[in-house]
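Inside the fold
Each chain is listed here by its residues.
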Amino acid sequence: MTTNTDGAPDPRTGRFAIWIAGGLGIAAIVAYGSFQAQQRMAARQKAPDASAARSQAPVAPSELVARAQAASRQLDVATLATLDRELETSAARTTQREDAASLRLTRASAVSVRALEAAIRAHRTRDAAATTELATTLAQGRQLADALTKEGIEPAAVARIEARLDLAAGRDITVLHPVVLMPDYPDAELRLAALSRPLFTDGDGDAAWADGELAELTAELRRATPPTGLSRLLLALALEAAGDDSAAESEANAVLSQIPGQPLAVAMQAPPAPRGTAAEPEPEVDSAPDPEPASTPEAEPPEPEPEPEPEPEPEPEPEPEPKKPEPEPKKSEPKKPKAEPNPAGTKATSPKKPRPKRAKADFATLLADGCKLVRSGNAAEGFKTLKEAHDLQPGGVKVTLCMAQAQDKLGRAASALALVDRVISKAPKNKTALLLAARLEASQGNRATAEQHYRNVLELDPDNAKAKKFLGQE
């Protein structure tokens with residue numbers, strides 16, 4: 001029996017087809033794998049190195065703050081300028097409220113340090129670049145400080161930043177921020193800079209130093225512990241003013257050894273530029289607070305205090321004289337029997353009363369006592385008490401307003417105006433502050449500003465007689 005194989009597929013043909021299909025599949029897999037490898041290689045070439053990516057990782061806020069503080073102590077303004085963007089970015093990215101506040105505060109402080117360095121350098125070199133840098137950092141610092149004030153972040157620290165900016169602007173911060181003169185002021189470097197102001201401010205030269213004052217300042221700058229970049233350069237300026245150029249150069253070189261190329265230290269190696277156009281016109285306003293006592297009649301209230309002194313003067317009292325022989329053997333002078341009735345009077349005198357109150361170091365008590373002393377006519381003693389209160393809680397509206405009233409009664413119109421302006425910037429609807437500012441502005445001839453203050457008073461108190469009288473609305 002035979003089998004018909006005609007028309008049946010050849011088995012060998014099927015096997016060949018399978019082999020060909022398998023080969024094509026393998027080739028496709030190899031080609032795809034090669035393509036993927038090329039893509040990965042190109043991606044690696046475009047992507048940054050892993051170590052570079054790690055180096056660009058965000059820096060911890062505490063590390064940024066520490067770096068900025070170290071640069072501030074060394075007066076490394078180049079590093080501070082570089083850190084400015086990092087501090088801003090880190091503050092915006094962090095989700096921790098405390099870290100954000102610390103970063104923003106550190107940034108504002110760093111800007112104020114750069115502003116003061118630029119101010120001193122601009123005064124010495126008369127360089128346009130330094131003057132431009134001063135204007136830029138002042139504007140930036142004011143903006144940052146105002147934002148921190150509005151949010152109530154660290155009022156004491158912000159007050160120190162504002163004081164440094166005021167000093168950079170050429171203002172006498174011993175008048176605007178009297179607490180800076182206290183020996184225990186938290187920012188010792190700023191206190192030394194305030195005392196050194198005549199060294200880098202137009203209008204104040206060697207004639208501003210009384211006998212021994214420059215030597216005393218130099219001694220204080222030498223005692224600065226630890227010395228900072230700014231205190232060293234201020235010492236160099238003081239030594240130069242005293243004629244010790246070699247010692248001044250040594251201090252500048254000490255700064256350069258730590259921070260090569262520090263701009264102010266480099267400028268100290270050249271003689272000071274001749275005085276030309278001033279970069280800071282503002283000191284002229286604050287430099288003459290004392291000559292204007294005549295415009296404020298309220299400066300006379302402190303005078304009634306010496307009036308009680310004549311009370312022991314009536315010597316016709318013959319009756320107590322028999323009792324006087326007892327102290328006479330101690331001292332035979334006839335004037336000292338008068339001292340016996342005085343101790344009896346001193347029991348009711350005020351100097352002994354505030355002492356136990358001040359020992360409490362309570363802000364509310366100090367504020368109340370200080371304001372009461374100012375209103376009762378003892379503005380000088382009241383101002384001292386208010387400075388203690390201000391040191392506990394700087395920048396408060398009430399304490400600043402009372403300090404302004406004290407300065408007004410002491411006849412220091414410019415100082416009072418500077419203080420009351422700060423009150424108005426924080427409390428624009430404070431009627432007492434507006435009335436004081438209006439009167440002070442009018443006394444200095446600034447009628448337009450006074451009118452604006454009185455208009456603001458009328459918005460709060462439409463029947464205010466003083467405002468109506470000044471504006472001619474009666």
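Please read all numbers here as calculations on a predicted model, not as lab measurements.

Assigned secondary structure in the chain consists of 23 helices and zero strands. For the chain, the proportion of its 474 residues judged to be buried stands at 39%. As displayed, the chain has an accessible area near 27200 Å², and 54% of this comes from carbon and sulfur atoms.

What follows is about the pattern of salt bridges. The final tally for this structure, using the stated rule, is 21 salt bridges. The partner of arginine 104 in a salt bridge is glutamate 151, and the shortest N-O contact between them spans 2.9 Å. Taken together, the positions of arginine 104 in helix α5 (residues 97–125) and glutamate 151 in the loop between α6 (128–150) and α7 (155–168) put the pair 47 residues apart, joining distant regions of the chain. Arginine 104 sits in the partly exposed class, given a relative accessible area of 26%. The partly exposed category is assigned to glutamate 151, whose relative accessible area is 49%. For the salt bridge of glutamate 251 with arginine 232, the shortest nitrogen-to-oxygen distance reads 3.0 Å. You can see glutamate 251 sitting in helix α12 (residues 245–258) and its partner arginine 232 sitting in helix α11 (residues 229–241), a full 19 residues away along the chain. A relative accessible area of 13% places glutamate 251 in the buried class. The partly exposed category is assigned to arginine 232, whose relative accessible area is 26%.

This paragraph deals with the side chain of glutamate 162. Checked against the element boundaries, glutamate 162 lands in helix α7. Owing to a relative accessible area of 12%, glutamate 162 belongs among the buried residues under this scheme. Apart from the residues within four sequence positions on either side, glutamate 162 is in contact with Arg142, Ala145, Asp146, Thr149, His177 and Arg422.

With respect to the secondary-structure elements, histidine 390 resides in helix α18 (residues 379–392). By relative accessible area, which is 9% here, histidine 390 ends up buried. Ignoring any residue separated from it by four or fewer positions in sequence, one finds histidine 390 in contact with Val179, Gly395, Val399, Thr400 and Met403.

A cis amide bond links threonine 225 with the next residue in sequence, proline 226, at an omega value of -10 degrees. At arginine 126, a residue that is not glycine, the phi angle is positive and equals roughly 55 degrees. Among the structural elements, arginine 126 can be located in the loop between α5 and α6. For arginine 126, a relative accessible area of 22% gives the class partly exposed. Within the chain, glutamate 154 stands out as a residue other than glycine whose phi angle is a positive 45 degrees. As for its placement among the helices and strands, glutamate 154 is situated in the loop between α6 and α7.

With that settled, the discussion passes to the nonpolar core. By size, the foremost hydrophobic cluster in this structure holds 59 residues, and its most contacted members are Leu116, Ile120, Leu233 and Leu234. Residue assignment for this core shows that the elements contributing at least two residues are α5, α6, α7, α9 (188–195), α10 (213–222), α11, α12 and α13 (263–268). Among the elements that take part in this core, α5 stands out by supplying 11 residues, more than any other. Setting aside chain neighbours within four positions, we find leucine 233 in contact with Leu75, Ala252, Val255, Gln262, Leu264, Ala265 and Met268.

Enumeration according to the criterion identifies one disulfide in this entry. Each disulfide pairs two cysteine sulfurs, and for cysteine 371 the partner residue is cysteine 402, the sulfurs being separated by 2.0 Å. Residues cysteine 371 and cysteine 402 share a disulfide whose torsion about the S-S bond is about 110 degrees; that sign makes it right-handed. In this pair, cysteine 371 sits in helix α17 (residues 363–376) while cysteine 402 sits in helix α19 (residues 397–409), placing the two residues 31 residues apart along the sequence. When sorted by exposure, cysteine 371 lands in the same class as cysteine 402, which is buried.

This part takes up the packing of aromatic side chains. Here the structure, examined in full by the defined rule, presents one aromatic pair. Measuring from centroid to centroid gives 4.8 Å for tyrosine 454 and phenylalanine 470, while their planes differ by 35 degrees, and the two rings are tilted. With tyrosine 454 in helix α22 (residues 447–460) and phenylalanine 470 in helix α23 (residues 465–471), the pair connects residues that are 16 residues apart, well separated along the chain. Classification of tyrosine 454 as buried rests on a relative accessible area of 7%. A cation over a ring is seen here: arginine 447 above phenylalanine 470, with NZ or CZ 4.3 Å from the ring centre.

Moving on, we come to helix α4 (residues 77–93). For α4, which comprises 17 residues, the first-to-last C-alpha distance of 24 Å matches the rise-based estimate of 24 Å (1.5 Å per residue) to within 8%. The principal kink in α4, of about 35 degrees, is found at leucine 83. Of the residues making up α4, those classed as buried are Val77, Leu80, Leu83, Asp84, Leu87, Ser90 and Ala91. Summarising the contacts, the buried residues of α4 are in contact with α3 (61–74), α5, α6 and α13.

Our next topic: the packing of α10 against α11. The contact between α10 and α11 brings their axes to 9 Å, and the two run at 155 degrees. Considering the angle they form, α10 stands roughly antiparallel to α11. Crossing handedness for the pair α10 and α11: left-handed. Across the interface between the two elements, Leu214, Thr218, Leu221 and Arg222 of α10 pack against Ser231, Leu234, Leu235, Ala238, Leu239 and Ala241 of α11. Across the contact of α10 with α11, the residue classes break down as seven nonpolar, two polar and one charged.

Definitions and limits used
- Residues numbered from 1 in each chain as written.
- Predicted model: local features only at pLDDT ≥ 70, side-chain atom pairs only at ≥ 80, totals over all residues.
- Heavy atoms only, no water.
- Helix = DSSP H or I, 4+ residues; strand = E, 2+ residues; numbered from the N terminus.
- Buried < 20%, exposed > 50% of the residue type's maximum accessible area, 1.4 Å probe, protein only.
- Areas by Shrake-Rupley, 256 points an atom, 1.4 Å probe, with all protein chains shown as cover.
- Salt bridge = Lys/Arg side-chain N within 4 Å of Asp/Glu carboxyl O.
- Contact = heavy atoms within 4.5 Å.
- Core = buried A, V, L, I, M, F, W, Y, C linked by side-chain atoms within 4.5 Å.
- Disulfide = S-S within 2.5 Å.
- Phe/Tyr/Trp six-rings, centres within 6.5 Å; stacked < 30°, edge-to-face > 60°.
- Lys NZ or Arg CZ within 6 Å of the ring centre and 35° of its normal.
- Expected span 1.5 Å × (residues − 1).
- Bend = angle between axes of the 7 residues up to and from the residue.
- Axes fitted to C-alpha atoms, helices over the stretch in contact; angles between N-to-C directions.
- Parallel < 35°, antiparallel > 145°, perpendicular 65-115°, else oblique.
- Left-handed = near helix turned anticlockwise from the far one by under 90°.
- Nonpolar A, V, L, I, M, F, W, Y, C, P; charged D, E, K, R; others polar.

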